[in-house]
Amino acid sequence: MQPKVVTLNVNGRRHQVVLAPNVTLLQALRDLGYTDVKNGCEKGDCGACAVLLNGKAVNSCLVLAWQAEGTEIVTNAGLGTMDNPHPLQEAFADAGAAQCGYCTPGMIIAAKALLDRNPHPTEDEIRDAISGNLCRCTGYGQIIKAVQMAAERVQKTGAGGEV
Amino acid sequence: MNKQDITLVINGKKRYLSVFPNELLLNVIREDLQLTGTKYACGIGECGACTVLVDGAPVLSCLTLAIAVDGSEVTTIEGVAEPDGTLHPVQEAFLEHSAVQCGFCTPGMVLMAKALCDENPGLVGITEADVQEYFKGNLCRCTGYTSIVRAMMSCVGPQTADEA
Amino acid sequence: MLPEFNLLMPKTLPKALDMLSKGAPDVTPLAGGTNLIPDMRSGRHCPVVLMDIGGLDELRGIHQKDGDLVIGGGVTVAELLDAPLIAQHAPVLKQAAAIFANPLVRNRATVGGNLADASPAADSGPPLLVLDAEVELVSKEGARRVPLEDFFVHVRKTVCKPQELLASVRWPVPAPGSVGAFRKLGLRKAGAVSVLSAAVMVEPDGNGRLVQARIALGAVAPTPIRAHAAEDALRGQAMTPGVISEAAYLAAVATCPIDDIRGSAAYRQRVVEVLVRRLLTDVAREVN
């Protein structure tokens, strides 16, 4: 099992890492310091590890790092900062949509993918978009509200479209 | 130990009961009156799930003997909404703000909220800190309390002209 | 950590087939990985060599050709959901895609992978069966087409040889007026392995009777299956409640479900009848 140098493009930064073939993108990202990407179930059921891969929300635990070479990867941390939060991140805070916060990065990635395709989602469409993201704390009510709030804010200000 | 006859006005209805002196108000409400909205959780006055209003004031029914409230008006969660089903504004607020998850603490929370609203209609001048202080005897394992505080703050009315 | 393996990453289909031919039977194709990677983690699969076929352009694409709809084996379930051709010519498949796993998995899971993995509960199975689909298996030696019903052999077993890849799936564009529907029963609304599933497809003759009818069931046999006796009971008939009930009963008789953690065999057999009856009733409403 020969490791090789792999180039990963994460949140606009290029990283060159030596990786064995059996390393998942989840592991590689966390080892690179992107610990906002969480390890939940490692089998594609919980969504805590969700990232955007070429704009599509995927479970990074099901992608081998070698497979991600040549793609654009965006994690929740790449969407905004404390000083300049993405409307989704702001809305999650304002709506009280984070309790323990563990599901939150993955939720925001799923919600971002939704708003990129569908700027005016209905409640049902929001529920479907986050149906691969499990939350044990909130009961999802505030999360759905947060996505609705963010959708409105993005429409009003036109912000949050680019990454 | 002999049973004693007591009278309670439960949610507006007069009820004649025969209870042992050592019976808790909580158990009389849940078992004799079959009003199970009031919850038996810790049984030692720490969690607030057993909260009822006695003559309008919040009381921990797990620490109250039924005979001690003979002749009083008792309000349980079942008596908060209107008879026609119209919800109290705090109940609407709780639903609106996802302040109910499993719902076990909710009856106690709502009764505290109702008592606060009855004492201070419009919740004039109430701050978040006040709400947190007021509810510190009601534990919730699910919501993290934020949604409950938001629900209460959404019931705070506009300030009057003198206080503006 | 995943078990150790070597990972080949061919850039073209001919190269991939060459690698398969040289390395068979030790080379396992990897597409979306949504079943294979969890299987490796749980120890169910221990491949020595993986071959990533996710980057092969020849396995992508959804198009219409010579009266057939053709989808590449590497097409993702999400792509099925978005494709106008699928919405127009195979709504039964789109219905299955809409409730397949969850949105994150749909962006990676491929149709070819779902079929080749051949779980008895594979949700793409019943819709493609009622569309009368066939798969194209390619190897260095050539290509062959196999009707989907013959492709599945047993639980997680297909006729695909170690040196073959499932390159595409195709089916004839359904006749105008055809109506299809798919429904699955799961223990939750998303991310649920089907307890049982059913797809139906009917072609009315314009005079109130059916020229063609197909019924396929999932998770109630070692593979997704067609319910031929039930179909015979519908063909040539009008979709009356009596005819529908008879067909639904025969569909249940066609099953050989097992008891597992998601449900008992008896429950599955009972509910298949109900599910098929409901599907046929809904379809009848559209037809009439």
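Residues numbered from 1 in each chain as written. Chains lettered and ligands numbered in written order. Predicted model: local features only at pLDDT ≥ 70, side-chain atom pairs only at ≥ 80, totals over all residues.

**Examining the overall build of chain A**
Summing up its helical and strand segments, chain A has five helices and five strands in all. Counting helices and strands in the order they occur from the N terminus, chain A gives β-β-α-β-β-β-α-α-α-α. Relative to its length of 163 residues, chain A is compact, with a C-alpha radius of gyration of 16 Å against a globular reference of 15 Å. By principal-axis analysis of the C-alpha atoms, chain A measures approximately 50 × 30 × 25 Å. Here chain A holds 163 residues, and 53% of them are scored as buried. (Helix = DSSP H or I, 4+ residues; strand = E, 2+ residues; numbered from the N terminus. Rg over C-alpha atoms; globule rule 2.2 N^0.38 Å. Buried ≥ 20, exposed ≤ 12 C-beta atoms within 10 Å, placed from the backbone.)

**Examining the interface of chain A and chain C**
If you look at the interface, chain A gives 24 residues, while chain C gives 24 residues. Counting residues per element, the ones that place at least two in the side of chain A that touches chain C are β4 (56-59) and α4 (123-129) of chain A. When the residues that make up the side of chain A that touches chain C are grouped by side-chain class, the tally is eleven nonpolar, eight polar and five charged. (Contact = placed C-beta atoms within 7 Å. Nonpolar A, V, L, I, M, F, W, Y, C, P; charged D, E, K, R; others polar.)

**Looking at the domain arrangement of chain A**
All names here are of chain A. When its domains are assigned, chain A resolves into domain 1 (4-77) and domain 2 (87-156). Each of domain 1 and domain 2 was reduced to a C-alpha centroid, and the two centroids are 21 Å apart. At the interface, 15 residues of domain 1 touch 13 residues of domain 2. Within the residue set of the side of domain 1 that touches domain 2, elements represented by two or more residues are β3 (50-53) and β4. Of all the elements, β3 adds the most residues to the side of domain 1 that touches domain 2, at three residues. Its residues assigned to classes, the side of domain 1 that touches domain 2 shows eight nonpolar, four polar and three charged. (Domains from an automatic or database assignment.)

**Quick notes on the sheet that holds strand β12 (residues 196-204) of chain C**
Residue and element names in this part refer to chain C. Sheet architecture is open: four strands sit in the order β11-β12-β13-β14, paired in antiparallel fashion. Taken across any chain shown, the strands that pair with only one partner, and hence form the sheet edges, are β11 (179-185) and β14 (225-226). Bridge analysis of β11 against β12 gives seven bridges, and the strand direction is antiparallel. Directly across from V179, in β12, lies its bridge partner V202. Across the face of the sheet, helix α5 (residues 91-98) comes into contact with β11 and β12 while running at roughly 20 degrees to β11. (Pairing = 2+ DSSP bridges. Axes fitted to C-alpha atoms, helices over the stretch in contact; angles between N-to-C directions.)

**Some words on the sheet that holds β4 of chain A**
Residues and elements named next belong to chain A. In spatial order, the strands read β2-β1-β5-β3-β4; together these five strands make up an open sheet with mixed pairing. Edge positions in the sheet fall to β2 (13-19) and β4, since each of these pairs with one other strand and no more. Across the sheet, the mean angle from the axis of one strand to that of its neighbour is 40 degrees, orientation sign disregarded. Sheet topology places β3 next to strand β5 (residues 72-74); two bridges connect them, and they run antiparallel. Counted as the bridge partner of L52 is V74 from β5. Packed onto the sheet, helix α3 (residues 104-117) meets β3 and β4 and runs at close to 35 degrees relative to β3.

**Re the environment of T255 of chain C**
All names here are of chain C. You can see T255 is positioned in the loop between α11 (241-253) and α12 (265-287). On the neighbour-count criterion, T255 (18 C-beta atoms within 10 Å) is partly exposed. Separated by 14 residues in sequence, T255 and Q269 have C-alpha atoms that sit 6.8 Å apart.

**Brief notes about the pairing of strand β1 (residues 4-10) of chain B**
All names here are of chain B. Across seven bridges, the pairing between β1 and strand β2 (residues 13-19) is antiparallel. Within the sheet, the bridge partner assigned to I10 lies in β2 and is K13. The turn joining β1 and β2, which pair antiparallel and follow one another in sequence, is formed by two residues; a positive phi near 50 degrees is taken by N11. As paired elements, β1 and strand β5 (residues 73-75) share two bridges and run parallel to each other. Note that in β5 the partner of I10 across the bridge is V74.

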